[in-house]
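Now for the letters of each chain:
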Amino acid sequence: MKIYLIAYGCEPHQGGEHQVGWKLANYLNDSCELEVVTRISNKKLIEENNNKNINFTFIENELGMRFKPKGRFSYFYYLFWQISTYNYLKRTVNKDDIVHYVTFGNIHLPQFLFLLKSKLVIGPMGGGSLVDYKMMRDSSTKLKMKSIVHKFINFTAKVNPIYLYTYYKSNKIILRTNETKCLIPKIFHQKCEIFLETGIETENITFVQKERKLNKVITTARIIESKNINQVIEVFNYLNNHYNNDLELLIIGDGPEKKILEKKNKENLSVKFLGKVSHEKINDYLQSSDLFLFCSIKEGGSHSLFEAAINNLPIACYSISGMTVFPSNDSSIKIEPTYNIDENIKKLSEKIIEKFEKNEINEICERSIKNLKDNYDWNQINKKIQKIYKDIK
């Protein structure tokens, strides 16, 4: 039996799904006969870093290249790449082989792997999370329209025969969130498992016991509407008022909403927009802060949350979307948000105050580090996937 890892995104020294493809290729290669199928544009970086002599197959589609804008994702380029991948695999795979479609992990993106004679694993897949604009103070017409369109696309996932046949042919369906699981008819739920694909190296991560007082609050994100930075600032203002205006909020990141928020909060000297900073500096800022505040309403598995946890920083967030999976309830400060935004602000703020005043922050951070080591180390993710392969045999 051979494993074919389909990793459109697969590059060393990158983040996001490119890192997922690269890390899984390296870990899986140690314990199974593996062939990784990826884009030819990844070839140079991969060959420079392929110290394990992993078997890579590089595929390109010349017709698809016409649709490929530099540095941006193209649906039609991806479509033609998947056609080429299918044409290669249908000549190669045997019925006892496992084809694992891992990146890009969106259930709505086109693929034709369900037509192969091999066994099929898909995921971890996202795509089910919506931006519920009713949980925001203000939202643009563009965001509302995108949300409505996405809602319709999600509906089609329950009735579209291509989706249904993919679920039918899949031996295992790995999903990032319960929201994506809800797109799949219940008859296929026995094939489903939920876990995030985000992994980290945990060898050098340790819990640090220290005095915990709330002085500096931080958030890191691309500053777009769904990140809900407005509510981060509202929660901070509530906290700052409680602590006699002695607190400071650092907002790290760039994006189309940054100038709007800066203008809106220019009189608030406690709020500082630092823009885009290097990864090394982000770690310095995280280590010198006391709370990571995150009010996003749509995430698959935010790397910002993992960075905060790694740096022994307590996380306060809404229990929604990917945040229902990570951070866990006992290793963070969370509330379940409703459409009453004022109540959400008050409840999250008061829960933060309660945890600090009861001196429970060290326990929260210790459980958070344990959660990382138990569930999100690349070795643990590798073991989960290897077990899936073994169970399919």
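Before reading further, recall that the structure is shown in the block above.
Residues numbered from 1 in each chain as written. Predicted model: local features only at pLDDT ≥ 70, side-chain atom pairs only at ≥ 80, totals over all residues. Heavy atoms only, no water.

A.B. asks: What am I meant to see in the overall build of the chain here?
C.D. replies: Across its full length, the chain holds 14 helices and 13 strands. Taken over the C-alpha trace, the chain has a radius of gyration of 22 Å; the compact-globule value for 393 residues is 21 Å, and the two agree within 12%. Overall, the chain is about 70 × 45 × 40 Å in size when its C-alpha atoms are taken along their principal axes. For the chain, the residues scored as buried account for 55% of the 393 residues in total. Considering only contacts within the chain whose residues lie at least 6 apart along the sequence, 65% involve residues at least 24 apart. Within the structure as shown, the chain displays about 18700 Å² of accessible surface, and the carbon and sulfur contribution to it stands at 50%. Computed over 57 positive and 45 negative side-chain charges, the inter-centroid distance for the chain is 6 Å. (Helix = DSSP H or I, 4+ residues; strand = E, 2+ residues; numbered from the N terminus. Rg over C-alpha atoms; globule rule 2.2 N^0.38 Å. Buried < 20%, exposed > 50% of the residue type's maximum accessible area, 1.4 Å probe, protein only. Contact = heavy atoms within 4.5 Å. Areas by Shrake-Rupley, 256 points an atom, 1.4 Å probe, with all protein chains shown as cover. Lys, Arg positive; Asp, Glu negative; His and termini not counted. Charge placed at Lys NZ, Arg CZ, Asp CG, Glu CD.)

A.B. asks: Explanation requested: helix H4 (residues 75-90) in the structure shown.
C.D. replies: Given 3.6 residues per helical turn, the α-helix brings residues three or four places apart onto the same face. Helix length check: H4, at 16 residues, gives a terminal C-alpha distance of 22 Å against a target of 22 Å (1.5 Å per residue), a fit within 8%. Tucked inside the fold, the buried residues of H4 contact strand S1 (3-7), strand S2 (34-39), strand S3 (56-59), helix H3 (62-65) and strand S4 (98-103). (Expected span 1.5 Å × (residues − 1).)

A.B. asks: What's the story with the environment of Ser 84 in this structure? I'm lost.
C.D. replies: The topology assignment puts Ser 84 in helix H4. Note: C-alpha distance between Ser 84 and Glu 60 (24 residues apart in sequence) is 7.1 Å. Once you skip the residues sitting within four places of it in the chain, Ser 84 turns out to touch Ile 59, Glu 60 and Asn 61.

A.B. asks: Honestly, the pairing of S3 in this entry has me stumped. Any pointers?
C.D. replies: Every regular strand shows the same layout, with side chains that alternate between the two sheet faces. Where S2 meets S3, 4 bridges bridge the pair, whose relative direction is parallel. What sits directly across from Val 37, in S3, is Thr 57. Following the backbone out of S2, through helix H2 (residues 43-49) and into the adjacent parallel S3, one traces a crossover that is right-handed. (Pairing = 2+ DSSP bridges. Right-handed = clockwise from strand over helix to strand, strands pointing away.)

A.B. asks: Can you help me understand the packing of helix H1 (residues 16-28) against helix H14 (residues 378-392) in this one?
C.D. replies: The axes of two packed helices give the description: the angle between them and the distance between them. In the contact formed by H1 and H14, the axes pass within 10 Å of each other and the chain directions differ by 70 degrees. In terms of their interaxial angle, H1 and H14 are classed as roughly perpendicular. Taking contact as the criterion, the partners of Gln 19, Val 20, Lys 23, Leu 24, Tyr 27 and Leu 28 in H1 are, on H14, Trp 378, Asn 379, Ile 381, Asn 382, Ile 385, Gln 386 and Tyr 389. (Axes fitted to C-alpha atoms, helices over the stretch in contact; angles between N-to-C directions. Parallel < 35°, antiparallel > 145°, perpendicular 65-115°, else oblique.)

A.B. asks: When you look at the sheet that holds strand S8 (residues 216-220) in this model, what are you seeing that I'm missing?
C.D. replies: By definition, the strands of a sheet pair up through backbone hydrogen bonds, in either a parallel or an antiparallel sense. Reading across the sheet, the 6 strands line up as S10-S9-S8-S11-S12-S13 and stay open at both edges, with parallel pairing between neighbours. The sheet is open, and its two edges are formed by strand S10 (271-275) and strand S13 (333-335), each paired on a single side. Pairwise comparison of adjacent strand axes, ignoring direction, gives a mean angle of 20 degrees for this sheet. In the sheet, S8 pairs with strand S11 (residues 291-294) via 2 bridges, with the strands oriented parallel. Within S11, the residue paired with Val 217 across the bridge is Leu 291.

A.B. asks: Quick question: what am I supposed to make of the pattern of salt bridges here?
C.D. replies: Two side chains bearing opposite charge may form a pair once their charged atoms approach each other closely. One pass over the structure, following the stated rule, counts 17 salt bridges. As a salt-bridge pair, Lys 358 and Glu 354 come within 3.1 Å of each other at their nearest N and O atoms. The class for Lys 358 is exposed, based on a relative accessible area of 51%. Taken together, the shared-partner salt bridges connect Glu 17, Arg 176 and Glu 197 into one network. (Salt bridge = Lys/Arg side-chain N within 4 Å of Asp/Glu carboxyl O.)

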